[in-house]
Amino acid sequence: QQQVKQSPQSLIVQKGGIPIINCAYENTAFDYFPWYQQFPGKGPALLIAIRPDVSEKKEGRFTISFNKSAKQFSLHIMDSQPGDSATYFCAARATGTASKLTFGTGTRLQVTL
Amino acid sequence: GAGVSQTPSNKVTEKGKYVELRCDPISGHTALYWYRQSLGQGPEFLIYFQGTGAADDSGLPNDRFFAVRPEGSVSTLKIQRTERGDSAVYLCASSLTALAPSTDTQYFGPGTRLTVL
């Protein structure tokens, strides 16, 4: 049972473009939504995270938009660079589940010159 | 400082064999997690330790899988009678603690790629 649905599966943008990755969830007990970046052969690394009491969070070129009523959240990458080419995972954690993360299926992003 | 390390980086074994995968968390981190990542998928939770005890093992797929953390630091994931379907990347993560949301960022290791022939 997939609790966090992520789209698109893959994405190609030109340098400077703004890729957008979307995630949706059903479990209203989720209270923490991190995004992870993974390069080939490496483990996932935390990029940015948001809690449902805010609708947007920015860290550098990365922005999370959060829509609690729609149970959706998205990652925007401003001024994307070839070095941003990686797989991105959204995730969620439910209250009382002691940090167990539920991940989306991932989006493979390619930023071309 | 050193991050989470995992050994071996690759493990090839035959169906039916026993394997052990090791995780060294970041020094001082009390919480440790194991996830499994199949090709083209996101990591799936297996088990979580707070200190030496398994606080949540609800993700272990069956009784062939077992994990220990006897001294509250290094952890070993043990798989008995391996099957071809066990082939995946096994990821370990650690966090300072899982008991306070502000300090529970999970830091992942590079994983062990297990191939069962």
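What counts as what
- Residues numbered from 1 in each chain as written.
- Chains lettered and ligands numbered in written order.
- Predicted model: local features only at pLDDT ≥ 70, side-chain atom pairs only at ≥ 80, totals over all residues.
- Heavy atoms only, no water.
- Salt bridge = Lys/Arg side-chain N within 4 Å of Asp/Glu carboxyl O.
- Helix = DSSP H or I, 4+ residues; strand = E, 2+ residues; numbered from the N terminus.
- Buried < 20%, exposed > 50% of the residue type's maximum accessible area, 1.4 Å probe, protein only.
- Pairing = 2+ DSSP bridges.

(A) Spotlight on the pattern of salt bridges. One pass over the structure, following the stated rule, counts seven salt bridges over all chains. Across the pair Asp84(A) and Arg61(A) runs a salt bridge, and its minimum N-O distance is 2.9 Å. Residue Asp84(A) is located in the loop between β8 (72-77) and β9 (86-94), and its partner Arg61(A) is located in the loop between β6 (56-59) and β7 (62-67); the two are separated by 23 residues in the primary sequence. In this structure, the salt-bridge partner of Arg64(B) is Asp86(B), at a minimum N-O distance of 2.8 Å. Residue Arg64(B) is found in the loop between β6 (53-56) and β7 (65-68), and its partner Asp86(B) is found in the loop between β8 (75-79) and β9 (88-95); the two are separated by 22 residues along the sequence. Through salt bridges with shared partners, one network takes in Arg64(B), Glu83(B) and Asp86(B).

(B) Focus on the pairing of strand β11 (residues 107-112) of chain A. All names here are of chain A. Alternating positions in β11 separate cleanly, Thr-107, Leu-109 and Val-111 being buried on one face and Arg-108, Gln-110 and Thr-112 remaining unburied on the opposite face. Alignment of strand β2 (residues 10-14) against β11, held across five bridges, turns out to be parallel. From the neighbouring strand, Ile-12 faces β11, where its bridge partner is Gln-110. As paired elements, β9 and β11 share three bridges and run antiparallel to each other.

Treat this as a map of the structure, not an account of what it does.
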